[in-house]
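Next come the chains, spelled out residue by residue.
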Amino acid sequence: MKQAMVKHPPLPRQYGEELLVMERGEGCHLFDCVGNRYLDMGSGIAVNALGYGREDLAEIAAKQMKRLVHASNLFATEPQLELAQKMVNSPAPGHAGFEAVHFGNSGAEANETAMKYARLYAWRKNKPHKIRLLAFEGAFHGRTLGALSLTANPAYKKPFGPLVPGVEILPFGDVEALTTAMDQDVAGVIVEPIQGEGGLNMVSRDFARALNALCQEHDALLIADEVQTGMGRCGSLFASGLVGLEPDLICLAKPLAGGLPLSAVLIPPKVNALLAPGDHATTFGGGPVTTAVASAVWDIISVPSFLAEVRRKGDILESLLAQELEQRGLEGEIRGAGLLRGIRLKGTPFDGPWCSKIVQEARNNGLIILKTGADVLRLAPPLVMDEASLKEGVALLFQTIDQNAKTTA
Ligand code: PLP
């Protein structure tokens, strides 16, 4: 396949010296600028939940662009109010409920906001010493300095220190370490129900129970980073419920506005009661165009039958992966939930560099996939992908694996 590559683009070198140029999307396919078609099992890193070329969403955005494109947070707008109301009305996982939504522009910004709320909550309760923020190994919470402080991977952080003081990274899933670390000075604990970038490690029931109980005991805010797992990706509106987490704050972003930049932090009454004018703000967050589109996305994804369909297709994807592994006598671990799935193949040469090679070479076979953690191949297809395309995607993935198993053997 002749690919449309741009060499040395006028983009920061952090994105690479050579990039594939994408031109358009249609359904669950992407097309590059020389017309090659790719089945997309990456969704723009778990963003394009409803696929591409949606006339319904494009029409809403265009209409809203003409009516009112921006008003600032000095005012409310109807689309913003409508979306926030839908979000606070949604059934919260094991929790008394949410009262307000802070809109932002990215996942990192949502997590920054949650960090600030955790410290502000303590501050307003006259506990200025209560500043500790706990996060976990394998976590990815974003690249801005605050969110980066919560992100575990040292390679992402090293050149940028000193980062935010008061942040500690604990082992993921270790109830004892968490119990030892928790005290009255902890303002917040942030966790992903399933670690999106860290290898799709899932919070265990025991760990969730400990997180719920210890945060409650010490009046620390439990923050669920559902930037990747939320909005139906794992087969329910929030993955927190799947694993038994009862978060105080939920952070959402990626799929929220059908590919437009929008994030949200869901806020419970006990936190909202302590917020005051001027505490936090953002210029573009929750603008009328993004929220109008997000409101329509919410109406599609939050319907129980849509979520049940994601679970059904997630089960199909899991069994397709298991079948292919079995047919080849390969030992592999299938991770994740719903339509966020990963496989980790055991033994040489199935290491990290090999996974990166598979991600690259899959493109030559017309397939977009992702990598997560050190050595896990990640599939995050649009939630609307049908069974036939899931089958095609898994077949293309294993075709790529077979080709590369031969060349590396
Ligand atoms: N949190 C999680 C779980 C993520 O997966 C990501 C991005 O991949 C982020 C936060 C950061 O989001 P953004 O890149 O929109 O800042």
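To keep things clear, this report deals only with the structure shown in the data block. All values derive from a computational prediction rather than experimental measurement.

This next bit is on the overall build of the protein chain. A count of helical and extended segments in the protein chain gives 14 helices and 17 strands. For 409 residues, the compact-globule formula gives about 22 Å, and the C-alpha radius of gyration of the protein chain, at 21 Å, lands near that figure. Each of the three principal axes of the protein chain carries a C-alpha extent, and together these read 65 × 55 × 45 Å. The buried share of the protein chain, taken over its 409 residues, is 53%. By element, 55% of the accessible surface of the protein chain is carried by carbon and sulfur atoms, the whole surface being about 17900 Å². Looking at charge distribution, the protein chain has the averaged site of its 39 positive side-chain charges lying 3 Å from that of its 45 negative ones.

Let us look at the sheet that holds strand E11 (residues 249-252). Here we have seven strands laid out as an open sheet, ordered E6-E12-E11-E10-E9-E7-E8, and mixed in their pairing. With one partner strand each, in any of the chains shown, strand E6 (100-104) and strand E8 (167-170) form the two edges of the open sheet. Mean inter-strand twist for the sheet, computed between neighbouring axes without regard to direction, equals 20°. Across four bridges, the pairing between strand E9 (residues 186-191) and strand E10 (residues 221-225) is parallel. Bridge pairing links Ile 190 to Ile 223 in E10.

Let us look at the pairing of strand E12 (residues 263-267). Of all five residues in E12, five are buried; the element is thus mostly enclosed. Bridge count between E6 and E12: five bridges; the pairing is antiparallel. Its bridge partner being in E12, His 102 is matched across the sheet by Val 265. Note: E11 against E12, three bridges, orientation antiparallel. Residue pairing for E12: Leu 252 is matched across the bridge by Ala 264.

With that settled, consider the site of the ligand. For the ligand, the set of nearby residues contains 13 residues, the closest of which are Gly 107, Ala 108, Asp 225, Gln 228 and Lys 254. Between Gly 107 and the ligand, the recorded distance is 2.8 Å, taken from a backbone N or O atom to an oxygen atom. One nitrogen or oxygen atom from the main chain of Phe 140 is found 3.2 Å from a nitrogen atom belonging to the ligand. Contact with the protein chains covers 82% of the free accessible surface of the ligand, which is 390 Å². Examining the composition of the shell around the ligand, we find that three residues originate from one element, helix H4 (residues 107-124), more than from any other. Residues belonging to the shell around the ligand are distributed by class as follows: three nonpolar, six polar and four charged.

Turning to the packing of aromatic side chains, a few remarks are in order. According to the stated counting rule, one finds four aromatic pairs in the structure shown. Consider the rings of Phe 172 and Phe 207, whose centres lie 5.8 Å apart with planes at 70°: the pair is edge-to-face. Of the two residues, Phe 172 sits in the loop between E8 and helix H7 (175-181) while Phe 207 sits in helix H8 (residues 205-217), which places them 35 residues apart along the sequence. Take Phe 172: its relative accessible area is 21%, and that puts it in the partly exposed class. Given a relative accessible area of 0%, Phe 207 falls into the buried group. With a centroid separation of 4.7 Å and an interplanar angle of 75°, the aromatic rings of Phe 350 and Trp 354 are classed as edge-to-face. For the pair Phe 350 and Trp 354, a shared accessibility class is recorded, and that class is buried. Ring pairing ties together the aromatic residues Phe 136, Phe 172 and Phe 207, which thus form one cluster. It is Arg 24 that lies over the ring of Phe 31; its NZ or CZ is 4.0 Å from the centre. Seen from the ring of Tyr 156, Arg 143 lies directly overhead, with NZ or CZ sitting 4.1 Å from the centre.

The rules behind the values
- Residues numbered from 1 in each chain as written.
- Predicted model: local features only at pLDDT ≥ 70, side-chain atom pairs only at ≥ 80, totals over all residues.
- Heavy atoms only, no water.
- Helix = DSSP H or I, 4+ residues; strand = E, 2+ residues; numbered from the N terminus.
- Rg over C-alpha atoms; globule rule 2.2 N^0.38 Å.
- Buried < 20%, exposed > 50% of the residue type's maximum accessible area, 1.4 Å probe, protein only.
- Areas by Shrake-Rupley, 256 points an atom, 1.4 Å probe, with all protein chains shown as cover.
- Lys, Arg positive; Asp, Glu negative; His and termini not counted.
- Charge placed at Lys NZ, Arg CZ, Asp CG, Glu CD.
- Pairing = 2+ DSSP bridges.
- Axes fitted to C-alpha atoms, helices over the stretch in contact; angles between N-to-C directions.
- Near = heavy atom within 4 Å.
- Polar contact = N/O pair within 3.5 Å; in protein donor to acceptor, adjacent residues only side chain to side chain.
- Nonpolar A, V, L, I, M, F, W, Y, C, P; charged D, E, K, R; others polar.
- Phe/Tyr/Trp six-rings, centres within 6.5 Å; stacked < 30°, edge-to-face > 60°.
- Lys NZ or Arg CZ within 6 Å of the ring centre and 35° of its normal.

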